[in-house]
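Commentary on secondary and tertiary structure
Listed below are the residues making up each chain.
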Amino acid sequence: MNVELRHLRYFVAVAEQQSFTAAARQVHVTQQVLSSQIRRLEDVLGVRLLERTSRGATLTPAGSAFLDGARSTLAALERGVAAARNTAHAISGRLTIGLNVAAGGETPTMLLAVFQRAEPQIEVSLRTFELNQPATGLLDRSTDVAFVRPPVSAAGLQLQPVATEQRVFVLAASHPLAGRESLGLADVAGLPWIAAEAAADGCDPDRWRDDWLVNPRPNGEQAIIGAVARTIDEWRELVVAGRGISLCPASAEQFHGRPGLAFVPARGVPAAELCVAWRAGETSPAVRRFADVVVAAARESGDT
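Attention here is on the structure that accompanies the text. None of these values were measured; they are calculated from a predicted model.

The interhelical angle for the contact between helix α1 (residues 5–17) and helix α2 (residues 20–27), taken along N-to-C directions, is 130°, at an axis separation of 8 Å. Taken as axis vectors, α1 and α2 run oblique relative to one another. The way α1 lies across α2 gives a crossing that is right-handed. Contacts from Arg9, Tyr10, Ala13, Val14 and Gln17 of α1 reach α2 at Phe20, Ala22, Ala23, Gln26 and Val27.

Put into structure tokens, the structure is as follows:
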């Protein structure tokens, strides 16, 4: 028995359209060719599938029985073709994703989950980096892609924003300003600050630290540094101890809050950005796919 796939397509088209003329247009052949191929199919099967009438074509009982099988066969073929194409275009491999401690929170967690659902065949590992490593492993190639808080002042990196949020002042809960509804730079003039250690990963040593100190300030004032922290834990303890104040993303209250800290909304300072970053000119399909997926997911969620 030599039933070809085109015979099935032609038959299903006629059965659904109930017209040789309409079916011929659908499958892009002449009506004469279509009629000839249907007759050949009937000859191969040894049964009449269609009744030709002046008004078109109707299924015979044998044709009705054959239609279900023909549709199932074509659907199975389409699924097989789709599976083969998807496999051919699937991206596999490993990704080491960096996360700066200042960039943690719900958004990276959500975006990582979206990516894992989209590309489960890519093996993902996560590395965290301290306050003095704003490039988050990209410069020494210990990571492939990273979530960072700009500015990341280093050549050869590409950043794409995925979220923004307001900044807050962080003070010891016992500080006289801790009960304010909001604070501006003028309100904290002359107070000491907790600064991050200078960058030690190849970035400009002071650029990231100075951005979070708002240094220099519009009035030319320089931040007074009361203490320096390398880790989030050090930063929290120094603030609680009254060694200085700080600015941080608003989400820090949820993820890094502890008794003894007060978080007060900041006025007149730029919002904090969260970015996905990778090395410029990156050719890895997995890295490019990660960037595409998380940026699209962030836009869909409305974070950017």
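Position of serine 19 relative to the elements: it lies in the loop between α1 and α2. Polar side-chain contacts of serine 19 include one of 3.1 Å to the backbone nitrogen of alanine 22. Leaving out residues up to four positions away in the same chain, serine 19 has contacts with Val14 and Ala57.

A few words now on the sheet that holds strand β4 (residues 122–129). Across a sheet, paired strands are connected by hydrogen bonds in the backbone, their directions being either parallel or antiparallel. What the five strands build is an open sheet, ordered β4-β3-β5-β12-β6; its pairing is mixed. Two strands close off the open sheet at either side, each with one partner strand: β4 and β6 (157–165). Each strand axis lies, on average, 20° off the axis of its neighbour in the sheet, ignoring direction. By the bridge criterion, eight bridges tie β6 to strand β12 (residues 272–279) in an arrangement that is antiparallel. Bridge pairing in β12 places alanine 163 opposite leucine 274. Sitting on the sheet, helix α5 (residues 106–118) is in contact with β3 (93–100), β4, β5 (145–148), β6 and β12, with an inclination near 165° to β4.

Further remarks concern unusual backbone geometry. In this chain, proline 150 is followed by proline 151 through a cis amide linkage whose omega measures 10°. Cis peptide bonds are those with omega within 30 degrees of zero, and the linkage from asparagine 215 to proline 216 qualifies with 0°. Of note, threonine 136 is a non-glycine position whose phi angle comes to about 55°, a positive value. Here threonine 136 lies in the loop between β4 and β5. Judged by relative accessible area, threonine 136 falls into the buried class, the value being 0%. Backbone geometry places arginine 141, a non-glycine residue, at a positive phi of 65°.

How each quantity is defined
- Residues numbered from 1 in each chain as written.
- Predicted model: local features only at pLDDT ≥ 70, side-chain atom pairs only at ≥ 80, totals over all residues.
- Heavy atoms only, no water.
- Axes fitted to C-alpha atoms, helices over the stretch in contact; angles between N-to-C directions.
- Helix = DSSP H or I, 4+ residues; strand = E, 2+ residues; numbered from the N terminus.
- Parallel < 35°, antiparallel > 145°, perpendicular 65-115°, else oblique.
- Left-handed = near helix turned anticlockwise from the far one by under 90°.
- Contact = heavy atoms within 4.5 Å.
- Polar contact = N/O pair within 3.5 Å; in protein donor to acceptor, adjacent residues only side chain to side chain.
- Pairing = 2+ DSSP bridges.
- Buried < 20%, exposed > 50% of the residue type's maximum accessible area, 1.4 Å probe, protein only.

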